[in-house]
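Structural overview
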Amino acid sequence: MAILLRTKNFLSSRLNSLTRFQRCNHTLGERSLQAELYSEMPPAPNHALHPIDTSKWNKIKASKVGITNSMISVPSWIVLNTLHRGGFEAYLVGGCVRDLLLKRIPKDFDVITTASLKQIKKKFHRAEIIGRRFPICMVHIKGSIIEVSSFETVAKRDEDKEKTLSSLIPNECDEKDLIRWRNSRNRDFTVNSLFFDPFTFNIYDYNNGMSDLKSLKLQTIIPAHVSFQEDCARILRGLRIAARLGLSFSRDTENAMRDLSASIEGLDKFRLILELNYMLSYGAAESSICLLQRFSLLNILLPIQAAYINQQRSAKNSMMLMKLFFNLDKLVSCDHPADISLWVGLLMFHLALVNNPQDALVVWTFASVLYHGKWKEGVEFAREHTKVEVKFVPEISGFSETKSDEDLAKDVAQFASLVQDSAWALTETHSLFESMSRYSFSPCSGLVFVPKKTAKHTAKFFDLMVEDIKSFINGRCRDSPEINYHLLGKGEPCETKFVLGKIILETMKAGPLGDATEIGNGQKDVLQAKTIEEILANNRLPLKKDKKRDPSLLNPEAKQGMQKKQKLVDRNQNPSELYTAIRKQEVVAKEEFQDLAKKHQKLVKTCKLSEREINSMQGNILEKEKSLLLNHERTVVKEESHKNDKKKEALKHMKVVEKLKQQSVVSKCNLSQDEMVKWEKQFGKEGCSREEVKEKTEKHNAIAVKGRSGRNLLSNLFK
C-alpha cells in the first residue's frame, strides 16, 4: 500500500514538473530563445524564427499622407534638432505618428535616437533617466516633457535574442533599416510601430501598420497571447487606443484580451491609475467604459460602477453614469485634458446619488452652486431650471418646488457631506465591500487603486458647502464662462468645481431621454458644449472650431445627428453593442459635420457677437433713443413757447385797438352841441330830439368812465 502511495506521489510530482517545464519552455522560446528544450517535450513554436520578409517593409513620403512639420510641437522640434546637430539619428515614434496620420493632435510626442541615454542627458540641461525595465530619458523643455528612448537600450535588453536572429537577416538589408525593424518588433501594436524622420520626411513601416490603420484594425505585432503575457498593461492600452480612435480588434487580439483580462490585477497600482486616467481624462471616457465592461475589466477596476451598469441594463433604466461621462467627453480632449480629480469627483457624486437618492431640486442646486460659485446665484438658477422634469432611476427620488431656502441649504450641505464620504469606497477595501453589499450578485476583487491623496484633494472641494453653504463663494472670480484648460489640467479647485458643476447641469438638463443641450441664463450662465465634430475627431488639426457656437444649433439635421448619438447611450443594451452602434453613427456623422463646419465657419464668425457687444449695442441704441426723445421734447417746448408768444402779442394788439376805440368814443362824447348837431345832420339823424342826443351822450360818458377805471393806460402796457 505504501509502495502504491509512493508511486502515485512520484508520478503526480513528475507530471507537475513536466507541466512547469513545458510552461517555462514555451515562455523562453517565445521571449528570449535561450532555454534548452527537454527531449521528452516537443519544442514550443517560436514565432521569432520565421524568415524575415523584407518585402513588407515600406517607406512612405510624409507629404503624400498629409503630414507637415508644422504639426510637430515646438519642444519636440528642439529635442529632434539638438540630437540631429549632435550627429545622431532621431525619429518620432509610436502613437504620435499614428495620430498625425489620422490628423489628430497627439497626446504627446515620443522621440527615439541612436544616442545612448547618458549622451541624451548631456545634451539637455534638464533631463533625467527613469525606469529599470524600460529606461528612458525625460527631457523638460518649455513647460513640456518629451520622452526620449534609445535604440541601444532595447538592443542590450534583447542581446541574446538578437544573436539568434542575426542568422535570419538577409545580407542586403540596410543597417539603419535593421535598427528600426528590431526596435519595432518590441512594440505593442502595429499601428504604434511607425517611425517618422522629420529631416528626410520619410515614414518607415515594418509591420503593416499603415494597412491596419487604413482598415481601422488593432492587432499586436507578435502573437497576442505572448504580447499580453510579456506586459499585461498592453490590454488596457489597446482598449484605450480603440476607444479613442474607433478601432476594431483582430480576432487573435480580442481572444487574448478575454483570456488574460484577469492578469491586470497583478499590475502596480500606479500603472493602473495611469492607464485609467488616460482613458477618462482625454475625451474618450464613455467609449472606454463600454469597452472595459465588454471585456470584463470594469468589474476589476471599478466594480461598483460595473454592478450599477448591469443592474440598470437588466431593469431597462437610463444610465446617468454614462450620461455624465458623455458630457465629460464633450469638454476635454487630448490637447485639453483634465486632472484626475475631475473624473474622481464625478464618480464620488454619482456613487452618493445611487446610495442616497436626492430630490431633483437638491441636485440642481448642488451643481448650480458649484458652477456659479455663489449660493444666491446658484439657488436662483436652480429654481428656474428645476421645472424641467428629470427621471433618473434610482438617482433622483422626486421633485419638490415648495422647499424653502433654509431647508434647501440643509439638504445641499448634507448631500455634499455624502459626496465626501463616498470617496472611501474608491480608496479603502472595506468601504468598497460595504458599497458592494447592495449588489450581492456582482463579483468584487477588492482592488482599490485611487490614491488617498487624490481622494482627499477632491473631497476638499465640498468642504465649504458642508460647513456653511450660504457663505459659499468661489475663490476666483470668473470673467467669462470659458474653461481655463491650463488650470483644469493642473487640478485647480475652483476650475475643477466649475467644470464638475457644468457637467452635472448639462446631464440634468438633458434628462434620461433628451439631448445634452446647452444651458444659459445671462453672461455667467452660458454653458458651451463642443461640437459633435470635436467629439468625434478629438480636435482634429486642420479645422479650427468655434467653441462658442455649435453648428448643430444652426442646422436641424446636425442636431438630429447629435440626438441619434445621444439616444444610443440611453438604449438598455449590451455595452459592446452600444459601442459598435456609436461608432457606426460616428462614421456617418463625421462626414456630415465636416461639411457643415466648413459651410458655417464664415457665418459663425459674422453672426457671432459676444454678450458684451450686444449689451453695448443696446446701450448705444437706448442713448440714441433718449437723445431723440430729448430733442423732440425741446422742439415741442419751443413750438409751444412760440405759440404763447404769438398769443401774447395778439392780446397786446387787441388791447391797443380797444384802447384806441375807447379814446375815440370819449372824444366823440366831449364834442360841443353845435358839432353834435352837425354830426347828426351828416348821419341823417336830424329827426332826433335834443333829449335823445343828451341821453346817448350820458350813456357814452358812463362807458368811457368805466373803461378808464378797469383798464391800464396804453403807456403803462409798454413799461
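Keep in mind that what you see is a predicted model, and the values were worked out from it rather than measured.

What follows is about the packing of aromatic side chains. All told, the structure shown has 19 aromatic pairs when counted by the stated rule. Summarising the aromatic geometry, the rings of phenylalanine 151 and phenylalanine 195 are spaced 6.2 Å apart at their centres and angled 25 degrees between planes, so their arrangement reads as stacked. A residue pair is termed long-range when its members are at least 10 positions apart, and phenylalanine 151 in helix α5 (residues 151-157) and phenylalanine 195 in strand β7 (residues 195-197) qualify at 44 residues. Overall, the relative accessible area of 0% leaves phenylalanine 195 in the buried class. The interplanar angle of 70 degrees and the centroid separation of 6.4 Å between the aromatic rings of phenylalanine 195 and tyrosine 206 together place this pair among those described as edge-to-face. You can see phenylalanine 195 sitting in strand β7 and its partner tyrosine 206 sitting in the loop between β8 (202-205) and α8 (209-214), a full 11 residues away along the chain. These aromatic residues form a ring-pair network of at least three members: Trp57, Tyr91, Phe151, Trp181, Phe195, Tyr204 and Tyr206. Here the guanidinium or amino end of lysine 107 rests over the ring plane of tyrosine 278, the centre of that ring lying 4.1 Å away.

A few words now on helix α15 (residues 303-315). Between its terminal C-alpha atoms α15 stretches 18 Å, which fits the 18 Å expected from 13 residues at 1.5 Å a residue. For α15, the set of buried residues is Pro303, Ile304, Gln305, Ala306, Ala307, Tyr308, Ile309 and Gln312.

Read from one edge to the other, the open sheet built from 8 strands follows the order β1-β8-β7-β2-β3-β6-β5-β4, with strand pairing classed as mixed. The open sheet has two edge strands, β1 (58-61) and β4 (127-130), and neither has a second partner. The sheet shows a mean angle of 30 degrees between the axes of neighbouring strands, direction not considered. Sheet strands touched by helix α2 (residues 74-85): β2 (90-93), β3 (110-113), β5 (136-141) and β6 (144-150). Its angle to β6, the strand with the most contacts, is close to 35 degrees.

Mapped onto the elements of the fold, threonine 454 is located in helix α23 (residues 452-459). Residues in contact with threonine 454, not counting those within four places in the same chain, are Ile340 and Val344.

Formed by 149 residues in total, the largest nonpolar core has its most connected members in Trp343, Phe366, Phe462 and Met465. Broken down by element, this core gets its largest block of residues, 12 residues, from helix α17 (residues 340-355). Discounting residues that sit within four places of it in the chain, tryptophan 343 has contacts with Ile273, Leu276, Asn277, Leu280, Ser281, Phe325 and Leu328. Counting residues in each nonpolar core, the second largest holds 12 residues, with Ile52, Val93, Ile112 and Tyr206 among its members.

Moving on: the pattern of salt bridges. Summed over all chains, the structure comprises 17 salt bridges. Put simply, arginine 258 and glutamate 254 hold a salt bridge, and the shortest N to O gap is 3.3 Å. You can see arginine 258 and its partner glutamate 254 sitting in helix α11 (residues 251-259), 4 residues apart, about one turn around the helix. Through salt bridges with shared partners, a single ionic network connects Asp188, Asp231, Arg237, Arg240, Arg271 and Glu275.

The next point concerns the pairing of β8. Two faces make up the sheet, and in a regular strand the side chains alternate between them. Here β8 shows a buried face lined by Asn202 and Tyr204 and a second buried face lined by Ile203 and Asp205. Note that β1 and β8 share 4 bridges and pair antiparallel. Bridge pairing in β8 links lysine 59 to tyrosine 204. Here 3 bridges tie β7 to β8, and the two strands are oriented antiparallel to one another. By the bridge assignment, aspartate 197 is partnered in β8 with asparagine 202.

Here the focus is the confidence of the model for the chain. Across the chain, pLDDT averages 76, with 64% of residues at or above 70. Between residues 515-576, whose pLDDT stays under 50, and residues either more than four places distant or in other chains, the model counts 176 contacts. Here residues 602-611 is modelled with pLDDT under 50, and outside its nearest four sequence neighbours on either side it reaches 13 contacts, counting other chains as well.

Further remarks concern unusual backbone geometry. For residues besides glycine, phi is generally negative; the peptide bonds are generally trans as well. Note the cis peptide between valine 393 and proline 394, where omega equals 5 degrees. Relative to the elements of secondary structure, proline 394 occurs in the loop between α19 (375-385) and β12 (396-398). One non-glycine residue, asparagine 208, lies in positive phi territory at about 60 degrees. Position of asparagine 208 relative to the elements: it lies in the loop between β8 and α8. For asparagine 208, a relative accessible area of 29% puts it in the partly exposed group. Of note, leucine 216 is a non-glycine position whose phi angle comes to about 55 degrees, a positive value. Among the secondary structure elements, leucine 216 is positioned in the loop between α8 and β9 (217-218).

What counts, and at which threshold
Residues numbered from 1 in each chain as written. Predicted model: local features only at pLDDT ≥ 70, side-chain atom pairs only at ≥ 80, totals over all residues. Heavy atoms only, no water. Phe/Tyr/Trp six-rings, centres within 6.5 Å; stacked < 30°, edge-to-face > 60°. Helix = DSSP H or I, 4+ residues; strand = E, 2+ residues; numbered from the N terminus. Buried < 20%, exposed > 50% of the residue type's maximum accessible area, 1.4 Å probe, protein only. Lys NZ or Arg CZ within 6 Å of the ring centre and 35° of its normal. Expected span 1.5 Å × (residues − 1). Pairing = 2+ DSSP bridges. Axes fitted to C-alpha atoms, helices over the stretch in contact; angles between N-to-C directions. Contact = heavy atoms within 4.5 Å. Core = buried A, V, L, I, M, F, W, Y, C linked by side-chain atoms within 4.5 Å. Salt bridge = Lys/Arg side-chain N within 4 Å of Asp/Glu carboxyl O. pLDDT = per-residue confidence, 0-100.

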